[in-house]
Amino acid sequence: MASLITCPHCGTRPKEEFSIRGAAAPKRPSPTAKDEAWHRYVYVRDNPKGRYEEYWHHEAGCRRFLVVERDNLTHEVFGVTDAAEFKRGGAAE
Amino acid sequence: MSIHLLHRHVLEDHISGFETDPNPNHLSVIRRPVIFSVLARAGHEAEVAEALWNAEDVAPRLCGPYEWLAVSRTVGAETVEAMLSEIANASVIDQSDGRVLMEISGPGVRKILAGCVAVDLHPEVFEEGRSATMLCCHAAANIARTGKDTFEIIVPRSLAGSVFEALMEMGREHALTRGFAD
Ligand SMILES: [Zn+2]
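This report concerns the structure included in the present document. Note that this is a predicted model, so its numbers are computed, not measured. (Residues numbered from 1 in each chain as written. Chains lettered and ligands numbered in written order. Predicted model: local features only at pLDDT ≥ 70, side-chain atom pairs only at ≥ 80, totals over all residues. Heavy atoms only, no water.)

1. Description of the coordination of the zinc ion
Residues and elements named next belong to chain A. Coordination of the zinc ion by the protein is provided by Cys-7 (SG), Cys-10 (SG), His-58 (ND1) and Cys-62 (SG), with metal-donor distances spanning 2.0 to 2.4 Å. Each of the four donor atoms around the zinc ion contributes to a set of angles spanning 104 to 115°, which defines the coordination as tetrahedral. Sequence spacing of the donor residues for the zinc ion, all on one chain, is C-x2-C-x47-H-x3-C. Across this residue pair, the class does not change: Cys-7 and Cys-10 are buried. (Donors = N, O, S within 2.8 Å, 3.2 Å for Na, K, Ca; no water. Tetrahedral: all angles 85-135°; square planar, octahedral: opposite > 155°, others 65-115°. Buried < 20%, exposed > 50% of the residue type's maximum accessible area, 1.4 Å probe, protein only.)

Here is the structure:
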């Protein structure tokens, strides 16, 4: 696992300071969405190999949610963004 | 004054028995610090930070975006509260009873802290006046460099005992002494 994460607010930190909160790519369904959509969002997740985006909570640091883009095969970290910024960037697409 | 008689520090049982003279490497537990949490409203981070850094008698500590601790060892909570509540677009709350403030100093301080935190505390990276929240002895602590070989550590009250014991353990080979300070 990637053992050093460079938090945009705190700098380079060990992974022990974070807790991983799951894939960042799935879009949360609207509150009125069908049960199937919610079931898919909550329980049916891909388990990709390679590069993907994941929520990391910097619990022992700035306590912000971050999105870490990393490769779960090579442990390489490509980028870390604040989740608020990630969401804003996603909305612009 | 009655409040003073009732006050019992959470680390009182950890610092019992005889007290030696402080060695060069020393850990002091500040008996009654004033610690306020300060939060800025969205979009007002810069102005609140500026006001906080200009405030007298308090030392600001960085926690994260929009969030700081304001620490004072010289003035009372009422004074600090009155001063901080004048800052526009900020929310302040007294955390003095929920946090424990310790100060570790001495020539071996970086070696001692190297066993406690995983962050580079070299003076060129973590210079004087810098502060950050980081894992210290398995607890989320705010650590600030207040001098060349002096650091202030703020931990949640409930974790103070275990952090204190771990710090003393790491300091044993450096003859770290401990005691209360006002
Ligand atoms: Zn952080």
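Following the structure, the description resumes.
2. Concerning the sheet that holds strand β10 (residues 177-181) of chain B
Residue and element names in this part refer to chain B. Sheet architecture is open: six strands sit in the order β7-β8-β9-β6-β1-β10, paired in mixed fashion. Unpaired on one side and paired on the other, β7 (131-136) and β10 mark the two borders of the sheet. Pairwise comparison of adjacent strand axes, ignoring direction, gives a mean angle of 30° for this sheet. This element, helix α5 (residues 160-171), spans β1 (26-30), β6 (99-105), β7, β8 (139-147), β9 (150-156) and β10 of the sheet and lies at about 10° to β6. (Pairing = 2+ DSSP bridges. Helix = DSSP H or I, 4+ residues; strand = E, 2+ residues; numbered from the N terminus. Axes fitted to C-alpha atoms, helices over the stretch in contact; angles between N-to-C directions. Contact = heavy atoms within 4.5 Å.)

3. Here's the deal with the packing of aromatic side chains
Under the criterion given, the structure shown has three aromatic pairs over all chains. Taking the centre distance of 5.6 Å and the plane angle of 70° together, the rings of Phe-18 of chain A and Trp-56 of chain A count as edge-to-face. A residue pair is termed long-range when its members are at least 10 positions apart, and Phe-18 of chain A in the loop between β2 (11-14) and β3 (19-23) and Trp-56 of chain A in strand β4 (residues 51-57) qualify at 38 residues. With 5.8 Å between their ring centres and 90° between their planes, Trp-38 of chain A and Tyr-41 of chain A make a pair best called edge-to-face. Of this pair, Trp-38 of chain A and Tyr-41 of chain A both sit in helix α1 (residues 35-42), three residues apart, which is roughly one turn of the helix. Cation over ring: Arg-51 of chain A sits above Phe-78 of chain A, and NZ or CZ is 3.7 Å from the ring centre. Residue placement shows Arg-31 of chain B over the ring face of Phe-180 of chain B; its charged tip is 4.1 Å from the ring centre. (Phe/Tyr/Trp six-rings, centres within 6.5 Å; stacked < 30°, edge-to-face > 60°. Lys NZ or Arg CZ within 6 Å of the ring centre and 35° of its normal.)

4. Side note on the sheet that holds strand β5 (residues 90-94) of chain B
Residues and elements named next belong to chain B. The four strands lie next to each other as β3-β4-β2-β5, forming an open sheet whose pairing is antiparallel. Across the chains shown, the open sheet's two edge strands, defined by having one partner strand only, are β3 (59-64) and β5. Here the average twist between neighbouring strands, direction ignored, is 25°. Helix α2 (residues 45-54) contacts β2 (34-40), β3, β4 (67-72) and β5 of the sheet and is inclined by roughly 10° relative to β4. In the packing of helix α3 (residues 77-84) onto the sheet, the strands contacted are β2, β4 and β5, and the crossing angle to β2 comes to about 15°.

5. Focus on the pattern of salt bridges
All names here are of chain B. This structure, assessed with the given rule, holds 14 salt bridges over all chains. Ionic pairing is found between Glu-12 and Arg-31, a salt bridge with its closest N-O pair at 3.5 Å. Placement of Glu-12 in the loop between α1 (2-6) and β1 and of Arg-31 in the loop between β1 and β2 is noted, with a sequence separation of 19 residues between them. Judged by its relative accessible area of 26%, Arg-31 is partly exposed. Among the ionic pairs, Arg-73 bridges to Glu-103, the shortest N-O distance being 2.9 Å. In this pair, Arg-73 sits in the loop between β4 and α3 while Glu-103 sits in strand β6, placing the two residues 30 residues apart along the sequence. (Salt bridge = Lys/Arg side-chain N within 4 Å of Asp/Glu carboxyl O.)

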